[in-house]
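Analysis of the macromolecular model
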There are 2 protein chains.
Amino acid sequence: MADSVVLDAVDLHILRLLQNDARSTYRELAAEVGVAPSTCLDRVARLRRTGVILGHRLQLNPAKLGRGLEALLLVQVRPHRRELIGPFVDRIRALPESRALFHLTGPDDYLVHVAVADPADLQRLVLDEFTSRREVARVETRLIFQQWECGPLLPPTPSAHLSSD
Amino acid sequence: MADSVVLDAVDLHILRLLQNDARSTYRELAAEVGVAPSTCLDRVARLRRTGVILGHRLQLNPAKLGRGLEALLLVQVRPHRRELIGPFVDRIRALPESRALFHLTGPDDYLVHVAVADPADLQRLVLDEFTSRREVARVETRLIFQQWECGPLLPPTPSAHLSSD
DNA sequence: GTTGAAATTTAATGTCG
DNA sequence: CGACATTAAATTTCAAC
């Protein structure tokens, strides 16, 4: 199930449209793609079943929720052993300020994307939830000036997946 | 419009549920929250109007789309001037491999989250789209071992937004 | 791919605090 | 007057043809 799925032009077209607006109706999709609504329904159901589509997520505005400051924290965990990093990951994920967490190669073991109210709130978070922990050897804080979502995620070589008849 | 919006317990409950599953129907939301479906509709419409809810996004599985390797690229752009970084940002956002882009404080100006097919594909991307560019002074590549979404994004002090009568 | 029934969304109206 | 509930119409989903 970890292998890539064979997607035809209709699947790709639907995915591209849904990534622009995940609330598109099957009718709208069908009109745009040039197939029947029920076909769109079947295709989307298959994409969900095969795990290509993981889910639908709400995109919120952190600033409107009193979290106008975002930052990335580069964290070194020492020693980097399973019995320490398991609980570390669980705790970071449970923080209301955490938005995303990455386990990385390189000098920093983890990158944490956080959203806080203001610089004082960020300082509190870093001091109370990170540097105060024994397993956290170092935290580097980088503020986010601006961030962008990028274009739709699609297979690297769409034409290679298509039959050309 | 940049200020935070006053949200009551019903709004917060709806947001929490929608962040778990953005495809919940208003009927389901209403049953869970304990209000009428039309009230849920009104609340969600208001949350969209006031900019708390920005949109609904499809969550895809990069591995299923032939992009099983993800990485973060830390990029220094020199000189860091508007006339250079504007086109740089536009170009990075347009790359099919780009998933997200951040403008940061600290020694690295940008962080780019990319999804590629394999290490060779990553090497091609870094060489052809980053280091070959005159304005890119340095690129540091960090592979992503694992990543986690975190809990729902909610106001820092929910009770402070609620009237206690 | 098309049709038709069931469910959902959505707007309008009515009612309570 | 504002917020919520009820009702009804339009749309969408989804299964059967």
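For the structure, see preceding data.
It should be emphasised that the depicted structure is a prediction, and the values quoted were computed from it without experimental measurement. (Residues numbered from 1 in each chain as written. Chains lettered and ligands numbered in written order. Predicted model: local features only at pLDDT ≥ 70, side-chain atom pairs only at ≥ 80, totals over all residues. Heavy atoms only, no water.)

**Observations concerning helix 2 (residues 26–33) of chain A**
Helical periodicity: at 3.6 residues per turn, an α-helix aligns residues three or four positions apart in one direction. Residue and element names in this part refer to chain A. In plain terms, the rule: Throughout, exposure labels follow a simple rule: accessible area from a 1.4 Å probe, protein chains only, divided by the maximum for the residue type, with under 20% read as buried, over 50% as exposed, and the rest as partly exposed. Per the convention used, a helix needs a DSSP run of H or I reaching at least four residues, while a strand needs a run of E reaching at least two, with both numbered from the N terminus. The arc in question is formed by the directions pointing from the helix axis toward the C-beta atoms. Two residues qualify as a contact provided that any one of their heavy atoms is within 4.5 Å of a heavy atom in the partner residue.
Residues of helix 2 that are buried include every one of Leu29, Ala30 and Val33, and no others. Viewed end-on, helix 2 has its buried residues packed into an arc of 100 degrees, placing them on one side of the element. Facing away from the buried surface of helix 2 by more than 90 degrees, the exposed residues are Arg27, Ala31 and Glu32. For helix 2, the secondary structure elements touched by its buried residues are helix 1 (9–20) and helix 3 (37–49). Just downstream of helix 2 lies glycine 34, where phi reads positive at about 95 degrees.

**Examining the protein's contact with DNA strand D**
Note the following rule: Neighbouring residues are identified by heavy atoms, a residue being near a molecule or strand if any of them is within 4 Å of it. N or O atoms within 3.5 Å of each other form a polar contact, as long as, within protein, one can give a hydrogen and the other can take it, and as long as residues adjacent in sequence are counted only when both atoms are side-chain atoms. Charged residues are taken to be Asp, Glu, Lys and Arg, nonpolar residues to be Ala, Val, Leu, Ile, Met, Phe, Trp, Tyr, Cys and Pro, and polar residues to be all remaining types, Gly included.
Around DNA strand D, the surrounding shell consists of A:Thr25, A:Tyr26, A:Arg27, A:Ser38, A:Leu41, B:Val35, B:Ala36, B:Ser38, B:Thr39 and B:Arg43. Of everything in DNA strand D that lies within 4 Å of the protein, sugar and phosphate atoms constitute 67%. Here a phosphate oxygen of DNA strand D sits 2.9 Å away from a polar atom, N or O, in the main chain of A:Tyr26. Here the surface near DNA strand D gets three residues from one element, more than from any other, and that element is helix 3 (residues 37–49) of chain B. Here the surface near DNA strand D is built from residues that sort into four nonpolar, four polar and two charged.

**Focus on the sheet that holds strand 5 (residues 136–149) of chain B**
The pairing of strands in a sheet comes from backbone hydrogen bonds and takes either a parallel or an antiparallel form. Condition: Pairing between two strands requires that DSSP report at least two bridges joining them. With axes taken as lines fitted to C-alpha atoms, and helix axes fitted only over the stretch in contact, angles between N-to-C directions fall between 0 and 180 degrees.
Taken in spatial order, the eight strands of this closed barrel run 2(A)-4(A)-3(A)-5(B)-2(B)-4(B)-3(B)-5(A), and their pairing is antiparallel. Across the sheet, the axes of successive neighbouring strands diverge by a mean angle of 35 degrees, strand direction being ignored. Relative to strand 4 (residues 110–116) of chain A, strand 2 (residues 69–77) of chain A is paired through seven bridges, and the arrangement is antiparallel. For A:Leu74, the partnering residue across the bridge sits in strand 4 of chain A and is A:Leu111. Along the sheet, helix 5 (residues 119–131) of chain A contacts strand 2, strand 4 and strand 5 (136–149) of chain A; its crossing angle with strand 5 of chain A, the most-contacted strand, is approximately 140 degrees. Contacting strand 2 (69–77), strand 4 (110–116) and strand 5 of chain B, helix 5 (residues 119–131) of chain B runs over the sheet at an angle of about 140 degrees to strand 5 of chain B.

**Quick notes on helix 3 of chain A**
All names here are of chain A. The criterion, for reference: Expected span, for any helix, means 1.5 Å times one less than how many residues it has.
Compared with an ideal rise of 1.5 Å per residue, which puts 13 residues at 18 Å, helix 3 spans 18 Å between its outermost C-alpha atoms and is within 8% of the ideal. Listing the buried residues of helix 3 in full gives Cys40, Arg43, Val44 and Leu47. An end-on view of helix 3 places all buried positions within 95 degrees of arc, on one side of the element. Set apart from the buried face of helix 3 by more than 90 degrees, the exposed residues are Asp42 and Arg49. Packed against the buried residues of helix 3 are helix 1, helix 2 and strand 1 (53–60). Looking one or two residues beyond helix 3, the residue adopting positive phi is glycine 51, at roughly 85 degrees.

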